[in-house]
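If you want the building blocks of each chain, they are given just below.
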Amino acid sequence: MGRRCPWGWTLASRELKPPACAQESRMRVTTRRVLLLLGSVAALMVTLHLGQQVLECQQVLSERRHRLMRPENEELVMVDANHVEYRYSKDMPLIFIGGVPRSGTTLMRAMLDAHPEVRCGEETRIIPRVLAMRQAWSKSGREKMRLDEAGVTDQVLDAAMQAFILEVIAKHGEPARYLCNKDPFTLKSSVYLSRLFPNSKFLLMVRDGRASVHSMITRKVTIAGFDLNSYRDCLTKWNKAIEVMYSQCLEIGRARCLPVYYEQLVLHPEQSMQNIMRFLDISWSDSVLHHEELIGKPGGVSLSKIERSTDQVIKPVNMEALSKWIGHIPGDVLQDMAHIAPMLARLGYDPYANPPNYGHPDPLVVNNTHRVLKGDYKTPANLKGHLQVTQNTSSSH
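Quick notes on the rules
Residues numbered from 1 in each chain as written. Predicted model: local features only at pLDDT ≥ 70, side-chain atom pairs only at ≥ 80, totals over all residues. Heavy atoms only, no water. Axes fitted to C-alpha atoms, helices over the stretch in contact; angles between N-to-C directions. Helix = DSSP H or I, 4+ residues; strand = E, 2+ residues; numbered from the N terminus. Parallel < 35°, antiparallel > 145°, perpendicular 65-115°, else oblique. Contact = heavy atoms within 4.5 Å. Nonpolar A, V, L, I, M, F, W, Y, C, P; charged D, E, K, R; others polar. Buried < 20%, exposed > 50% of the residue type's maximum accessible area, 1.4 Å probe, protein only. Pairing = 2+ DSSP bridges. 1 Å grid on protein atoms, 1.4 Å probe; cavity = no way out; pocket = protein on both sides within 12 Å on 5 of 7 lines; lining within 4 Å. Points joined across faces, edges and corners; volume = space filled by probe spheres on them. Phe/Tyr/Trp six-rings, centres within 6.5 Å; stacked < 30°, edge-to-face > 60°.

1. Some details on the packing of helix α2 (residues 105–113) against helix α10 (residues 269–280)
Here's step 1: Taken N-terminus to C-terminus, the directions of α2 and α10 make an angle of 70°; their axes are 12 Å apart at the nearest point. Considering the angle they form, α2 stands roughly perpendicular to α10. In contact with Met 108, Met 111 and Leu 112 of α2, α10 contributes Pro 269, Met 273, Ile 276, Met 277 and Leu 280.
Here's step 2: Looking at the contact of α2 with α10 residue by residue, the class counts come to eight nonpolar, no polar and no charged.

2. Considering the pairing of strand β9 (residues 257–261)
Here's step 1: Of all five residues that make up β9, four are buried, and the element is covered over most of its length.
Here's step 2: As paired elements, strand β8 (residues 201–206) and β9 share five bridges and run parallel to each other. Within the sheet, the bridge partner assigned to Met 205 lies in β9 and is Val 260.

3. A word on empty space enclosed by the protein
Here's step 1: Throughout the structure, instances matching the rule amount to one cavity of 30 Å³ or more.
Here's step 2: Volume-wise, the largest cavity comes out at about 40 Å³.
Here's step 3: Around the largest cavity sit Arg 134, Trp 137, Ser 138, Lys 144, Leu 147, Asp 148, Val 152, Thr 153, Asp 154 and Leu 157, which together line it.
Here's step 4: Among the elements of the structure, α3 (126–139), α4 (141–149) and α5 (154–171) are those that each provide at least two residues to the lining of the largest cavity.
Here's step 5: Within the lining of the largest cavity, the residues separate by chemical class into four nonpolar, two polar and four charged.

4. A closer look at the packing of aromatic side chains
Here's step 1: Enumeration according to the criterion identifies five aromatic pairs in this entry.
Here's step 2: Ring geometry for Tyr 86 and Tyr 88: centres 6.4 Å apart, planes at 15°, overall stacked.
Here's step 3: Judged by its relative accessible area of 2%, Tyr 88 is buried.
Here's step 4: An angle of 85° between the planes, with centres 6.5 Å apart, marks the rings of Tyr 349 and Tyr 358 as edge-to-face.
Here's step 5: Given a relative accessible area of 12%, Tyr 358 falls into the buried group.
Here's step 6: Taken together, the aromatic side chains of Phe 96, Phe 197 and Phe 202 make up a single cluster linked through ring pairs.

5. Considerations on the layout of surface pockets
To find leftover empty space, one rolls a probe the size of a water molecule over the atoms.
Here's step 1: Reported here for the second largest pocket is a volume of approximately 550 Å³.
Here's step 2: Around the second largest pocket, the lining is made up of 28 residues, and of these Arg 119, Glu 174, Pro 298, Gly 299 and Gly 300 lie nearest the centre.
Here's step 3: Tallied by class, the residues present in the lining of the second largest pocket amount to 11 nonpolar, nine polar and eight charged.

6. What about the sheet that holds strand β7 (residues 178–182)?
Here's step 1: Pairing in this open sheet of five strands is parallel, and the strands run β6-β7-β5-β8-β9 from one edge to the other. Unpaired on one side and paired on the other, β6 (118–119) and β9 mark the two borders of the sheet.
Here's step 2: Pairing of β6 with β7, which is carried by two bridges, proceeds in the parallel orientation. Opposite Val 118, over in β7, you have Tyr 178 as the bridge partner.
Here's step 3: The sheet strands contacting α5 are β5 (95–98), β6 and β7, and the helix crosses β7 at an angle near 105°.
Here's step 4: Sitting on the sheet, helix α8 (residues 231–252) is in contact with β8 and β9, with an inclination near 145° to β8.

7. Let's talk about unusual backbone geometry
Here's step 1: With an omega of 10°, the peptide bond running from Asn 354 to Pro 355 counts as cis.
Here's step 2: Despite not being glycine, Arg 102 shows a phi value in the positive range, around 70°.
Here's step 3: Looking at where Arg 102 falls in the secondary structure, it is placed in the loop between β5 and α2.
Here's step 4: Residue classification places Arg 102 among the buried residues on the basis of a relative accessible area of 9%.
Here's step 5: A positive phi angle, close to 70°, is found at Arg 125, a residue other than glycine.

Given below as structure tokens:
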């Protein structure tokens, strides 16, 4: 045999011939390449499969985190005494009642509360305060920058506000098909609330500012920023507050915000309530005209022992408080009324009419007023003790 070359060829003569071992070597190389190719393909398929699994897991985790961080998409479930289940969410038709204090907000909510499918309940007091804080954070550029930097964005805050407000409204009273909230100053944030709760509606109580202010002062209703020793100051503050609320009501639009004039509600309760129920898209019930008969009863009207208006709304709708302010406002304030409170004229009141002509009452209201003046109405037993104290310490205006 000839000498074996290092690359597998044999020199047996002057001719070079490929031996059988070289062919076997090439076959082994080809087999290895095929195996490597198959292995690469398999590894690629496994990698793709694992990648798909990772993406699916990330999606599931993201959805779970999304649900945890977006409680406004969840429903609150409550069950009443008859085991009827109610589900509440941000998309429900919430009702918000507001206005300047002493404008008939308590009467409005008591009349709605008398409806068998509606529950308003007492003032929460906390909702307007939280809304004011939220507004303050938005107005402060530095504070908003700090919150955004910390990840507390408007979206996060709005989700928290939705969840908090819905929780308070739903759980501070008995469940019902329709829920409403009555905190007077809440309607200073009605545009914001209309975005948080897209199907909500608003009832803005409007009353002659002279009557509202007289009621604040004589009944000693403490309101932040109002000087109860000055009609001029209180009327100025009334004008500013109602201007904000009325402007926001107009911005939302008449399809979602209805101004309700206290005087017309008192003089013509049936017509007024018919309009209100149509606006709210709630079926009519005669019980809304007799709220005083349902105070303290199951499914009826729940009243707070410490709210200033309680001793008034236990009575049937009457005219007793319509014109009590006449003769009590200082002369210099009356002379400057159009300048002090320009919203009076904008809302349709004559700033110089003293007394004003609010209209003629329905027979039902006339009868109710006679009953009230004679004391022909019943004070609920669970309120008697407290109301006796209230009546003894309040002005009889």
